[in-house]
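As a plain string of letters, each chain reads:
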Amino acid sequence: MTPRLLSALPLTLAALAAHIPAQTSPVPPDDAVARVLAEETRDPLERVNRGSFWLNHRIILSLIEIPARGYRRITPNFLREGIDNFATNLTGPRRILNNLFQGSWRRAGTESRRFLANTTIGLLGLFDPATDWWEIPFHDEDFGQSLGRHGLPPGAPLEAPLLGPSNPRDLLAGAVDWLMNPLSYVPGAGLVVGFNGFSMRLAEYDSALHSVDDPYVAFRDLSALSREGSVRDFAAAPPPPPSVEVPPPPFAGADRAVADSAICLDHFPDLDRYSSSLLAFLFEPEDINFFLRARDRKVPMTATGRELPVRLWRNGTGSPVVFILPGLGAHPAAGGVAALAELHFNEGCTVVALPSTFHAEFSRNASSVPLPGHVEIDARDTHQAMLDVLDWLHTRYDYPPDVPALVVGQSYGGLHALVISELDRRAGHPRFTGFLALNPSINMEHGVETLDRLFEAEYLPADPGGEDPRIASLLRASQLFRRPRQMGEAPPAVRADDAMFGIGVYFRMRLRDALFETQRRQDLGVLRTPASGWRREPRYEEIMAIGFGDYAREFLTPHFGEPSVESLFARGDLRRLQSGLAGNDRVRVIHTADDFLLGPGDLAFLRETLGDRLTLFDRGGHCGNYHMPQVQRAFREQARALLDLAPPGAGLSLRRT
């Protein structure tokens, strides 16, 4: 897997259905989406594969990770890159031959030019002038891709000990590729090169491993997606049919006036609001080592008596504390969370990132109830968790008891930040300096309906190749993440309908993980399939057919004793907090006019409630413009404005940049 794939893992997980083994019978076209996805991800050796995955992971953590961190710390970056470039260049003849074997004379010629340039001018491949000077594209073809191109199916997924996710075809082909690599004839050379390469990807591995509840499935499906996309070579496929017409945002009346007053982003691509949202994967720390500067700590929780894992970037005792509440199901190890942490850390703040209330780590250790999704209760538990962290910082690191503390919430975490602002205000003794909500959802019912509609995929046109349109859609959308942009190749455009379905699958997977974890710990009797940590596919298949609306009706409403699902949704509507939010000058919101989670009247509500405390950008979809300098500047400016509200004597110390 490439570094780009690993760093984009949270969004690439939208490709759950990307493993394409040989099928014994076609899937009926009228089956539910969940059934199609289940058929495409059959894993008959799941128990064995999970055991092998656990073994591989323990070997990495116990024997490789710590030495790799030390090696990375003492070895200059240019030397590590030189070794990596040298090893990549040695496999040039393999790429040339496999391009020829696949009948791609043009790509074989391109790879020949790369090999010649880097071997001569690049000093045996230590440097990469083919990319840096001439932007010659990189076509990484291997024998497994060649066999796949000639019709050999991959077979069932295999987690190979010490090798990682693969399949029978690629294991066989990998042996041939290894014999074609000159390093295979130098004892120990492959281990040195592999260790060097892993040290360069430590941050990506950490993010990929911890960002999801079930890393085995994540790595398995991501690997299969990458391989299938490589074998099919979409660049050589017939052009896809025209995409669906994406309806415009629901602007009307006051909403239209608010949208027209939004800040125009310079140099933002002309994309629809769904394709724009996929650009969230571009929001990563500027310093890749920032991932490794984090410290994972466990903080005792008042609500449960257990310890909640949090991610800490400490900037010195007494520095303002910024809490980051990520989006639905997200983990502090996600790239976007780390990028947000870096922005505030560079301003002189200590940053603490919490897992989402939908993530297993929060539900196990900090939630007072067995099910996430009740906005009021989730916000209350998150509020208490942050108070516990502040007490822990005071006890463990001697932070002042009145240290300024800012809450920054994104998406679902942004909704919680705004609800917590009311809890904090009503407490009589406000503890938090301010609340900054980024792209918060406003109306829970509208958000649920939107995410379920995206997953149902009724808008997808028929695939011209006769393949199920949902699988073809995910494979097309995956190309945004698969292609190595650092090799001189720009990512292709993503169709609107592909982006819509990918987003729908991504959020459904977050719900799947939350339901699997909570029902394994306390089964409410709604699910019929048995729960097993080693054989999860049957229960995954059942859960994937449960939408957010089903979850609200069948799980949340009866468990919390709500009179109706409408009553539950009302508790997640910010309009009921309008008077409190309007009078609270410690609240700021940054949003995007074309966010697909905004419903009719939401923009007008935000402007009426917040006035100039709302910063609105014209484009970017849902969180897709965070990589833009204008947006990041707004993040910093609003955080500064809120921290400047700290009471006198609070010891505020910001680094102005």
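Quick caveat: nothing in here was measured; it's all calculated off a predicted structure. (Residues numbered from 1 in each chain as written. Predicted model: local features only at pLDDT ≥ 70, side-chain atom pairs only at ≥ 80, totals over all residues. Heavy atoms only, no water.)

Chemist: Tell me about the overall build of the protein, residues and numbers included.
Modeler: Across its full length, the protein holds 29 helices and 10 strands. Relative to its full complement of 657 residues, the protein shows a buried share of 60%. Across the protein, the fraction of contacts at a sequence separation of at least 24, relative to all contacts at a separation of at least 6, is 78%. Of the roughly 26,200 Å² that the protein leaves accessible, carbon and sulfur atoms contribute 58%. (Helix = DSSP H or I, 4+ residues; strand = E, 2+ residues; numbered from the N terminus. Buried < 20%, exposed > 50% of the residue type's maximum accessible area, 1.4 Å probe, protein only. Contact = heavy atoms within 4.5 Å. Areas by Shrake-Rupley, 256 points an atom, 1.4 Å probe, with all protein chains shown as cover.)

Chemist: Can you explain a nonpolar patch on the surface? Please cite residues and give values.
Modeler: The grouping of Leu97, Leu100, Trp105 and Met180 at the surface amounts to a nonpolar patch, some 410 Å² of accessible area in total. Topologically, Leu97 is positioned in helix 6 (residues 92-101). In this structure Leu97 comes out as partly exposed when scored by relative accessible area, which is 48%. (Patch = residues over 30% accessible without salt bridge, like charges linked within 9 Å, V, L, I, M, F, W, Y side chains within 5 Å. Salt bridge = Lys/Arg side-chain N within 4 Å of Asp/Glu carboxyl O.)

Chemist: How would you explain the pairing of strand 3 (residues 295-300) if you had to name every residue and give the values?
Modeler: In terms of strand pairing, strand 3 meets strand 4 (residues 307-313) through six bridges, oriented antiparallel. Directly across from Pro300, in strand 4, lies its bridge partner Glu307. Turn length for the strand 3-strand 4 hairpin, with the two strands adjacent in sequence and antiparallel, is six residues, and the turn residue Gly305 shows positive phi of about 80 degrees. (Pairing = 2+ DSSP bridges.)

Chemist: Give me the lowdown on the nonpolar core, citing residues and values where you can.
Modeler: One broad trend across soluble globular proteins is that nonpolar side chains are buried collectively. Formed by 147 residues in total, the largest nonpolar core has its most connected members in Trp313, Phe323, Val352, Leu354, Leu393, Tyr551 and Leu574. In terms of residue count, the dominant contributor to this core is helix 23 (residues 496-521) (13 residues). Residues in contact with Leu393, not counting those within four places in the same chain, are Leu312, Val321, Val352, Asp398 and Tyr399. (Core = buried A, V, L, I, M, F, W, Y, C linked by side-chain atoms within 4.5 Å.)

Chemist: Give me the lowdown on the packing of aromatic side chains, citing residues and values where you can.
Modeler: For the structure shown, the criterion picks out 21 aromatic pairs. Here the aromatic rings of Phe455 and Phe501 are separated by 6.4 Å at their centres, their planes lie at 35 degrees, and the arrangement is tilted. Remark: Phe501 occurs in helix 23 and Phe455 occurs in helix 20 (residues 444-456); sequence separation between them is 46 residues. Exposure class is identical for Phe455 and Phe501. Each is buried. Ring pairing ties together the aromatic residues Phe53, Phe198, Tyr205, Tyr216 and Phe219, which thus form one cluster. We note Arg512 situated over the ring of Tyr540; from NZ or CZ to the ring centre the distance is 4.1 Å. (Phe/Tyr/Trp six-rings, centres within 6.5 Å; stacked < 30°, edge-to-face > 60°. Lys NZ or Arg CZ within 6 Å of the ring centre and 35° of its normal.)

Chemist: Can you tell me about the pattern of salt bridges, naming the residues and giving the values?
Modeler: The final tally for this structure, using the stated rule, is 37 salt bridges. Linking Arg69 and Glu65 is a salt bridge whose minimum nitrogen-to-oxygen distance equals 3.4 Å. A residue pair is termed a helical-turn pair when its members lie 3 or 4 positions apart in one helix, as Arg69 and Glu65 do in helix 4 (residues 46-74) at four residues. Assessed through its relative accessible area of 26%, Arg69 is described here as partly exposed. Of the residues examined, Glu65 reaches a relative accessible area of 15% and is grouped as buried.

Chemist: So what about the sheet that holds strand 8 (residues 434-438)? Which residues, and what values?
Modeler: The strand order across the open sheet formed by eight strands is 3-4-6-5-7-8-9-10, and the pairing between neighbours is mixed. Two strands close off the open sheet at either side, each with one partner strand: strand 3 and strand 10 (614-617). Within the sheet, the average angular offset between the axes of one strand and its neighbour, ignoring direction, is 20 degrees. Pairing between strand 4 and strand 6 (residues 350-353): three bridges, direction antiparallel. In the sheet register, Arg311 faces strand 6, and the bridge partner there is Ala353. Packed on one face of the sheet, helix 19 (residues 412-426) meets strand 5 (321-325), strand 7 (405-410), strand 8 and strand 9 (587-592) and runs near 140 degrees to strand 7. Its contacts with the sheet put helix 28 (residues 602-610) on strand 9 and strand 10, and the angle it makes with strand 10 is roughly 145 degrees. (Axes fitted to C-alpha atoms, helices over the stretch in contact; angles between N-to-C directions.)

Chemist: Break down the packing of helix 4 against helix 13 (residues 215-232) for me, with residues and values.
Modeler: At their nearest, the axes of helix 4 and helix 13 sit 10 Å apart, and the two run at 100 degrees to each other. On the basis of their axis angle, the class for helix 4 and helix 13 is roughly perpendicular. The residues of helix 13 that touch helix 4, namely those facing Glu46, Asn49, Arg50 and Phe53, are Pro215, Tyr216, Val217 and Phe219. Here the residues of the contact of helix 4 with helix 13 sort into five nonpolar, one polar and two charged. (Parallel < 35°, antiparallel > 145°, perpendicular 65-115°, else oblique. Nonpolar A, V, L, I, M, F, W, Y, C, P; charged D, E, K, R; others polar.)

Chemist: Mind laying out unusual backbone geometry, listing which residues take part and the relevant values?
Modeler: We note that Glu135 has phi near 50 degrees; this positive angle belongs to a residue other than glycine. Here Glu135 is to be found in the loop between helix 8 (129-132) and helix 9 (143-149). According to the relative accessible area criterion, Glu135 is exposed, its value standing at 57%. Residues other than glycine seldom take positive phi values, yet His267 does so here, at roughly 65 degrees. Mapped onto the elements of the fold, His267 is located in the loop between helix 14 (254-260) and helix 15 (273-277).

Chemist: I'd like a rundown of the side chain of Glu46, residues and numbers included.
Modeler: When you line up the elements, Glu46 lands in helix 4. A relative accessible area of 1% places Glu46 in the buried class. For Glu46, the side chain forms a polar contact with the main-chain nitrogen of Glu537, separated by 3.3 Å. Ignoring anything within four residues of it in the chain, the contact list for Glu46 reads Tyr216, Trp534, Arg535, Arg536 and Glu537. (Polar contact = N/O pair within 3.5 Å; in protein donor to acceptor, adjacent residues only side chain to side chain.)

Chemist: Describe the side chain of Arg94, with residues and values.
Modeler: Positionally, Arg94 belongs in helix 6. According to the relative accessible area criterion, Arg94 is buried, its value standing at 14%. Once residues lying within four places of it in the same chain are set aside, the contact partners of Arg94 are Asp140, Glu141, Asp142, Asp177 and Met180.

Chemist: Which residues make up the pairing of strand 10, and what values go with them?
Modeler: Burial of strand 10 is two-sided: the residues Leu614 and Leu616 facing one way and the residues Thr615 and Phe617 facing the other way are all buried. Taken together, the four bridges between strand 9 and strand 10 define a ladder with parallel strand orientation. Across the sheet, the residue bridging to Val589 is Leu614, located in strand 10. Crossover strand 9 to strand 10 through helix 28 is right-handed. (Right-handed = clockwise from strand over helix to strand, strands pointing away.)

Chemist: Tell me what's going on with helix 7 (residues 105-120), and back it up with residues and numbers.
Modeler: Residue pairs three or four apart in sequence face the same way in an α-helix, which turns once every 3.6 residues. For helix 7, built from 16 residues, the straight-helix expectation of 22 Å at 1.5 Å per residue is met to within 8% by its first-to-last C-alpha distance of 23 Å. Every buried residue belonging to helix 7 is among Arg107, Ala108, Thr110, Glu111, Arg114, Ala117 and Asn118, and all of these are buried. Those residues of helix 7 that are buried are in contact with helix 5 (77-90), helix 6 and helix 8. (Expected span 1.5 Å × (residues − 1).)

Chemist: Pulling in residues and values, what's your account of the packing of helix 20 against helix 23?
Modeler: At their nearest, the axes of helix 20 and helix 23 sit 7 Å apart, and the two run at 115 degrees to each other. Pair helix 20 / helix 23 crosses with left-handed handedness. Contact residues: helix 20 offers Leu451, Asp452, Arg453, Leu454 and Phe455, while helix 23 offers Met500, Phe501, Ile503, Gly504, Val505, Phe507 and Arg508. (Left-handed = near helix turned anticlockwise from the far one by under 90°.)

None of the figures reported here should be taken as evidence of function without further support.
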